[in-house]
Amino acid sequence: MLTVVFLAPVAWAGQALLVKGMEAQKAGRNAEALKLLNTYVERFPQIAEARYYRALALNGLGRHKEALEDVDKALVDSPNNVNFLLAKGNILVALERRPEAILIYTQAMQCDPRNAEACKERGECLAQEGQFAEALADLNKAAGLARRDPWVFNRRGMVYFCQGEYQKAVADFTTAIRLQPDLAMSYFFRGNIYRHHLNEPKKAIADYQRGCRLGSSLCCGELEKMGVKPEAGNR
């Protein structure tokens, strides 16, 4: 009984440390999360969830190779954990190892065929590899599964753009903006299509103004190239 009484506070303190580390990582405080999770993993190296969250923190800090080591260790005992697989795919992308990332996202989709994040990320990787038809198939599926995710439509818009489907690209960037009105990147891409492909300079200027107002240096730069002064408050 004395042993149980003695160990209980230790286990509780360890769990509290893990929770604090997870919360810090989710809040984007990766340096703080890493410090907490390092301490926890030293005490409990077998806990896969701790290595997963530490991998996310390391990846957020740009320490991608270390992050990959952690997530690989987390996957040893949970090879079909979709969250772990998604994290590994994202880390591989950060390391510019996209063909490997595509295989990992494929594994995640096999484990959970309705996982929109896996579809979206594999679609993005396929597009970056120039496999636009395959990318479009993934992003179409992601759009059906995650109708409120602006990044699905932003990425599919880019694929349509690369295929010369400018009206479809505009429609997707418009949807992305509707879902997230402060998505400056979509204003930039839509503005470029209006300016360079659809001969609608007024619409292009309007998009660049909105993007510039949101802090996009790319949009502000396009206005300068066109000899247009940014609206008051844009800078």
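Residues numbered from 1 in each chain as written. Predicted model: local features only at pLDDT ≥ 70, side-chain atom pairs only at ≥ 80, totals over all residues. Heavy atoms only, no water.

Caption draft 1: Representation of the overall build of the chain in the model. Summing up its helical and strand segments, the chain has 13 helices and zero strands in all. Reading the helices (α) and strands (β) of the chain from amino to carboxyl end gives α-α-α-α-α-α-α-α-α-α-α-α-α. For 235 residues, the compact-globule estimate of 2.2 N^0.38 gives 18 Å, and the C-alpha radius of gyration of the chain, at 22 Å, exceeds that figure by more than 25%. Per-residue burial for the chain yields a buried fraction of 45% across its 235 residues. Sequence separation of 24 or more characterises 42% of the internal contacts of the chain that already satisfy a separation of 6 or more. Surface accessibility of the chain: about 12,600 Å² in total, with carbon and sulfur atoms responsible for 53%. Charged side chains of the chain number 32 positive and 27 negative; the gap between the two group centres comes to 4 Å. (Helix = DSSP H or I, 4+ residues; strand = E, 2+ residues; numbered from the N terminus. Rg over C-alpha atoms; globule rule 2.2 N^0.38 Å. Buried < 20%, exposed > 50% of the residue type's maximum accessible area, 1.4 Å probe, protein only. Contact = heavy atoms within 4.5 Å. Areas by Shrake-Rupley, 256 points an atom, 1.4 Å probe, with all protein chains shown as cover. Lys, Arg positive; Asp, Glu negative; His and termini not counted. Charge placed at Lys NZ, Arg CZ, Asp CG, Glu CD.)

Caption draft 2: Examining the packing of aromatic side chains more closely. On inspection of all chains with the given rule, the structure shows six aromatic pairs. Measuring from centroid to centroid gives 4.8 Å for Tyr40 and Phe44, while their planes differ by 40°, and the two rings are tilted. Assessed through its relative accessible area of 5%, Tyr40 is described here as buried. For the pair Tyr52 and Phe84, a centre-to-centre distance of 5.0 Å together with 35° between the ring planes defines the contact as tilted. Here the residue Tyr52 occupies a position in helix H3 (residues 48–60), and Phe84 occupies one in helix H5 (residues 82–94), the gap between them amounting to 32 residues. Taken together, the ring pairs in this structure connect Tyr52, Tyr53 and Phe84 into an aromatic cluster. (Phe/Tyr/Trp six-rings, centres within 6.5 Å; stacked < 30°, edge-to-face > 60°.)

Caption draft 3: Quick look at the layout of surface pockets. Estimated volume of the largest pocket: approximately 170 Å³. Lining the largest pocket are Glu124, Ala127, Gln128, Phe132, Trp151, Asn154, Arg155, Met158, Val159, Cys162, Met185 and Phe189. Secondary-structure elements contributing two or more residues to the lining of the largest pocket are helix H7 (116–128), helix H9 (150–162) and helix H11 (184–196). At six residues, the largest contribution of residues to the lining of the largest pocket is made by H9. (1 Å grid on protein atoms, 1.4 Å probe; cavity = no way out; pocket = protein on both sides within 12 Å on 5 of 7 lines; lining within 4 Å. Points joined across faces, edges and corners; volume = space filled by probe spheres on them.)

Caption draft 4: Quick look at the packing of helix H8 (residues 132–145) against H9. For the pair H8 and H9, interaxial distance at closest approach is 10 Å and the crossing angle is 150°. Taken as axis vectors, H8 and H9 run roughly antiparallel relative to one another. The handedness of the crossing between H8 and H9 is left-handed. Residues Phe132, Ala135, Leu136, Leu139, Asn140, Ala142 and Ala143 of H8 lie in contact with H9, whose contacting residues are Val152, Phe153, Arg155, Arg156, Val159, Tyr160 and Cys162. (Axes fitted to C-alpha atoms, helices over the stretch in contact; angles between N-to-C directions. Parallel < 35°, antiparallel > 145°, perpendicular 65-115°, else oblique. Left-handed = near helix turned anticlockwise from the far one by under 90°.)

Caption draft 5: Region of interest: the pattern of salt bridges. Counted under the stated rule, the structure contains 18 salt bridges. Among the salt bridges present, the one from Glu117 reaches Lys120, with a minimum N-O distance of 3.3 Å. Here Glu117 pairs with Lys120, and both are found in helix H7, just three residues apart, close to one helical turn. Judged by its relative accessible area of 6%, Lys120 is buried. (Salt bridge = Lys/Arg side-chain N within 4 Å of Asp/Glu carboxyl O.)

Caption draft 6: Region of the structure containing unusual backbone geometry. Of note, the phi angle at Glu96 is positive, near 60°, even though the residue is not glycine. Looking at the element boundaries, Glu96 is found in the loop between H5 and helix H6 (98–111). For Glu96, a relative accessible area of 64% corresponds to the exposed category. Of note, Asn199 is a non-glycine position whose phi angle comes to about 55°, a positive value. Mapped onto the elements, Asn199 comes out in the loop between H11 and helix H12 (201–213).

Caption draft 7: Expanded view of the packing of helix H2 (residues 30–43) against H3. Across the interface, H2 lies against H3 with an axial gap of 9 Å and an inter-helix angle of 145°. Crossing handedness for the pair H2 and H3: left-handed. Residues Asn30, Ala33, Leu34, Leu37, Asn38, Tyr40 and Val41 of H2 form the contact with H3, whose participating residues are Ala50, Arg51, Tyr53, Arg54, Leu56, Ala57, Leu58 and Gly60.

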